[in-house]
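# Survey of secondary and tertiary structure
Each chain, written out:
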Amino acid sequence: MNIIEASKAYAVQCHQSTNHFYDGKPYEFHLQMVYDNAKKFIHLVPEKEKDYFLAASWVHDVIEDCRQSYSDVLKATCKEVAEL
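Summary of the structure given here. Predicted model only: the values in this text are computed from it and were never measured.

## Focus: the overall build of the protein chain
When its secondary structure is counted, the protein chain shows six helices and two strands. For the protein chain, the sequential pattern of α-helices and β-strands runs α-β-β-α-α-α-α-α. The C-alpha radius of gyration computed for the protein chain amounts to 12 Å, which stays within 12% of the reference 12 Å derived for 84 residues, consistent with globular compactness. The 84 residues of the protein chain split such that 38% are buried. Relative to all contacts within the protein chain whose residues are 6 or more apart in sequence, the contacts with residues 24 or more apart total 60%. Averaging the locations of the 9 positively and 13 negatively charged side chains of the protein chain gives two centres separated by 2 Å.

Following this line, the structure appears as structure tokens:
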């Protein structure tokens, strides 16, 4: 599993386990919108950082909304994603 897939799976699981919804839809709907918008601007990101940037778009709310810590994100993803 690559870093984007791992980050997506982690984020979706975190939001499901805390019963989050977005406008009455599963929270994954919002995360997918963020990811899709990140892809629109991915050309602005240095090539070696693109996967980290896209992976971070999936986990951007887990600390704020899902009782996760920086260390949790680091363990589930990688330092580059956790830092973003």
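Moving on from the coordinates now.
## Focus: helix α1 (residues 3-17)
The terminal C-alpha atoms of α1, which comprises 15 residues, lie 21 Å apart, in line with the 21 Å expected from a rise of 1.5 Å per residue. Along its buried surface, α1 packs onto α2 (28-40), α3 (50-59), α4 (62-65), α5 (70-76) and α6 (79-83). If you check the start of α1, you find a side-chain oxygen 2.9 Å away from the backbone N of Ile4, and it comes from Asn2. Two residues or fewer past α1, Asn19 is found with a positive phi of approximately 60°.

## Re the state of the cysteines
Here the structure, examined in full by the defined rule, presents zero disulfides. Take Cys14: it sits in no disulfide, and the sulfur closest to it among the cysteines is that of Cys66, at 5.2 Å. Overall, Cys14 belongs to the buried group, its relative accessible area being 3%. Looking at Cys78, it has no disulfide partner, and the nearest cysteine sulfur is the one in Cys14, 15 Å off.

Conventions adopted
- Residues numbered from 1 in each chain as written.
- Predicted model: local features only at pLDDT ≥ 70, side-chain atom pairs only at ≥ 80, totals over all residues.
- Heavy atoms only, no water.
- Helix = DSSP H or I, 4+ residues; strand = E, 2+ residues; numbered from the N terminus.
- Rg over C-alpha atoms; globule rule 2.2 N^0.38 Å.
- Buried < 20%, exposed > 50% of the residue type's maximum accessible area, 1.4 Å probe, protein only.
- Contact = heavy atoms within 4.5 Å.
- Lys, Arg positive; Asp, Glu negative; His and termini not counted.
- Charge placed at Lys NZ, Arg CZ, Asp CG, Glu CD.
- Expected span 1.5 Å × (residues − 1).
- Polar contact = N/O pair within 3.5 Å; in protein donor to acceptor, adjacent residues only side chain to side chain.
- Disulfide = S-S within 2.5 Å.

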